[in-house]
Amino acid sequence: MTFSLHAFNSADTAFDVMAAGLEDARPHPTEAALVQLGQAMMTELLDVVGETALEDVQAILAESLIGAFHSAAGRIEREADRARDRMRVLERDFDGSEMADTELQEATLKARAADVAQMAAELVRDAASEVYTTVTGEVWTAWRGSRRGTHLTAAQLEAKQALRGIEARRRAEQDPGGPIVAFRAAPMADTAADANRIFDALNWAKAQWPDMALATTGAKGAEKLAIRWARQKGVKLVLAKADFERHGKAAPFRANDELLALQPACCLTLSQSLDEQRAGGTKPFGPALNLAQQAEAHGLRHMAIRHRHH
């Protein structure tokens, strides 16, 4: 498959502008081309394995494909971090020489190029993830100096701006930007009845806190439904994933601790499916009950999702 490459123009996206700003003699693929790549790869994978003997491992294959680009973005980000560390050292020890100025320019360009490459990998990842969700209904989620002299050269100014830019972007990504609404629910609570009441509760929360962020552990079932709602509504998502390798059976409860550490404005819980057949013979989901108990113990607002009263 061939994707078009072009120079910067006024209609380009933020990615295209960043790429063009590198002034690399080699052209970058456009954002549209990268999105198309992610969509095409996932579509092709699902078309090939769907309704075949490999359908049982379709989720593993699809999530591995998405995860590969997520991993690549992380590796590229680490390269950019190393370049920025180098920038900080060079800027700190800057002596005004032509050699120091050249080294600082090169380190800055390397960091900027890595930022663009990271964004490219994330564009492919997100496009593939959206196709996966649209086709299967499943939601993929990622597992969380002094200066010598007073004269600033162009290289120093560019380095400072680049460092400030990346730090501001990271703060923005980490900052939920508004009140947190924590959500914890039983994995088995994923029926139509559950989905309707979950969406009702989340819509109520958004009406109360229009700039809310949704915090959940990303567990299967009901919490995946909540994540889907957040993406449809454009609500920022904060994940506190359970680390079973580190905490074993206590992992779901440690994840609750992380949710509570966010100081949520409200905790929504659903400890058991609202579908009578699904709920029959099953015990309430312990981690959801635990979050409810801890929220009340900490004086936080808590609402248990129940059947709609007629």
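Here the structure is a predicted model, which means the values were calculated and not measured.

Novice: Can you explain the overall build of the chain? Please cite residues and give values.
Specialist: Broken down by element type, the chain carries 11 helices and five strands. The buried share of the chain, reckoned over its 310 residues, is 39%. Of the roughly 17,500 Å² of accessible surface on the chain, 52% is carried by carbon and sulfur atoms.

Novice: Got a sec to walk through unusual backbone geometry? Specific residues and values, please.
Specialist: Unlike most non-glycine residues, Glu 51 shows phi in positive territory, near 55°. You can see Glu 51 is positioned in the loop between helix 2 (31-49) and helix 3 (58-92). In this structure, Gln 263 takes a positive phi of about 55° despite not being glycine.

Novice: Could you give an account of the sheet that holds strand 3 (residues 236-239), naming the residues involved and the relevant values?
Specialist: For sheets, the rule is that strands pair by backbone hydrogen bonds, running either parallel or antiparallel. Here we have five strands laid out as an open sheet, ordered 3-2-1-4-5, and parallel in their pairing. In this open sheet, the two edge strands, each paired with only one partner strand, are strand 3 and strand 5 (302-304). When the angles between neighbouring strand axes are averaged without regard to direction, this sheet yields 25°. Looking at chain direction, strand 1 (residues 180-185) and strand 2 (residues 213-216) are connected through three bridges and run parallel.

Novice: Any details on the side chain of Asp 115? Residues and values, ideally.
Specialist: For Asp 115, the position within the fold is in helix 4 (residues 98-136). A polar atom in the side chain of Asp 115 sits 3.1 Å from the side chain of Arg 84.

Novice: Just give me the short version of the pattern of salt bridges, but keep the residues and values in it.
Specialist: By the definition in use, this model includes seven salt bridges. With a shortest N-O distance of 3.3 Å, Arg 84 and Asp 81 are connected by a salt bridge. Taken together, the residues span about one helical turn, with Arg 84 and Asp 81 both in helix 3 at a distance of three residues. Of the charged contacts in the structure, one is a salt bridge between Glu 223 and Arg 184, with a shortest N-O distance of 2.7 Å. Of this pair, Glu 223 sits in helix 7 (residues 222-233) while Arg 184 is found in strand 1, placing the two residues 39 residues apart along the sequence.

Novice: Quick one: what's the story with helix 6 (residues 192-208), residue by residue and with numbers?
Specialist: In a regular helix each residue adds 1.5 Å, so 17 residues correspond to 24 Å; helix 6 covers 24 Å between its end C-alpha atoms and thus fits that length. Residues Asp 194, Ala 195, Arg 197, Ile 198, Ala 201, Leu 202 and Ala 205 constitute the buried set of helix 6.

Novice: Explain the pairing of strand 4 (residues 266-270) residue by residue, including any values.
Specialist: Taking burial as the measure, the five residues of strand 4 include five buried ones, the bulk of the element. Residues Cys 266, Leu 268 and Leu 270 of strand 4 are buried on one face, and the alternating residues Cys 267 and Thr 269, pointing to the opposite face, are buried as well. Across three bridges, the pairing between strand 4 and strand 5 is parallel. Each residue of the ladder has a partner; that of Cys 267, found in strand 5, is His 302.

Novice: Give a detailed account of the pairing of strand 3, specifying residues and quantitative values.
Specialist: Side chains on a regular strand alternate between the two faces of the sheet. Sheet analysis places strand 2 next to strand 3, joined by four bridges and oriented parallel. Bridging across to strand 3, Ala 213 finds its partner in Lys 236. Chirality of the crossover, the property in question, places the unit of strand 2, helix 7 and strand 3 among those that are right-handed.

Novice: Could you give me a rundown of the nonpolar core, with the residues and numbers involved?
Specialist: Soluble globular proteins tend to pack their nonpolar side chains together in the buried interior. By size, the foremost hydrophobic cluster in this structure holds 24 residues, and its most contacted members are Phe 183, Ile 198, Met 212, Leu 214 and Leu 268. Elements with a contribution of two residues or more to this core: strand 1, helix 6, helix 7 and strand 4. Those residues in contact with Met 212 that sit more than four places away from it in its chain are Pro 179, Val 181, Leu 202, Ala 205, Lys 206, Trp 229, Val 235 and Lys 236. Counting 11 residues, the second-largest nonpolar core is a separate cluster that includes Ile 180, Ala 215, Ala 240 and Leu 259.

Novice: Would you mind going over the environment of Ala 32 in detail, with residue names and values included?
Specialist: Take Ala 32: it is sitting in helix 2. When the C-alpha positions of Ala 32 and Phe 15 are compared, they lie 9.8 Å apart, and in sequence the two are 17 residues distant.

Novice: Explain the packing of helix 6 against helix 7 residue by residue, including any values.
Specialist: Relative to each other, helix 6 and helix 7 sit at 45°, their axes nearing to 10 Å. What the angle tells us is that helix 6 and helix 7 run oblique. With respect to the hand of their crossing, helix 6 and helix 7 are arranged in right-handed fashion. In contact with Ala 195, Ile 198, Phe 199, Leu 202, Asn 203 and Lys 206 of helix 6, helix 7 contributes Ala 222, Leu 225, Ala 226, Trp 229 and Lys 233. Counted by class, the contact of helix 6 with helix 7 contains eight nonpolar, one polar and two charged residues.

Novice: Explain the side chain of Asp 101 to me, and be specific about the residues and the numbers.
Specialist: For Asp 101, the position within the fold is in helix 4. Since its relative accessible area comes to 16%, Asp 101 is described here as buried. Polar contacts involving the side chain of Asp 101 include one to the side chain of Gln 105, which spans 2.8 Å.

Novice: Can you lay out the state of the cysteines for me, pointing to particular residues and giving the numbers?
Specialist: Taken as a whole, this structure holds zero disulfides when the rule is applied. A disulfide-free cysteine, Cys 266 has its sulfur positioned 6.5 Å from the sulfur of Cys 267, the nearest such atom.

Cut-offs and rules
Residues numbered from 1 in each chain as written. Predicted model: local features only at pLDDT ≥ 70, side-chain atom pairs only at ≥ 80, totals over all residues. Heavy atoms only, no water. Helix = DSSP H or I, 4+ residues; strand = E, 2+ residues; numbered from the N terminus. Buried < 20%, exposed > 50% of the residue type's maximum accessible area, 1.4 Å probe, protein only. Areas by Shrake-Rupley, 256 points an atom, 1.4 Å probe, with all protein chains shown as cover. Pairing = 2+ DSSP bridges. Axes fitted to C-alpha atoms, helices over the stretch in contact; angles between N-to-C directions. Polar contact = N/O pair within 3.5 Å; in protein donor to acceptor, adjacent residues only side chain to side chain. Salt bridge = Lys/Arg side-chain N within 4 Å of Asp/Glu carboxyl O. Expected span 1.5 Å × (residues − 1). Right-handed = clockwise from strand over helix to strand, strands pointing away. Core = buried A, V, L, I, M, F, W, Y, C linked by side-chain atoms within 4.5 Å. Contact = heavy atoms within 4.5 Å. Parallel < 35°, antiparallel > 145°, perpendicular 65-115°, else oblique. Left-handed = near helix turned anticlockwise from the far one by under 90°. Nonpolar A, V, L, I, M, F, W, Y, C, P; charged D, E, K, R; others polar. Disulfide = S-S within 2.5 Å.

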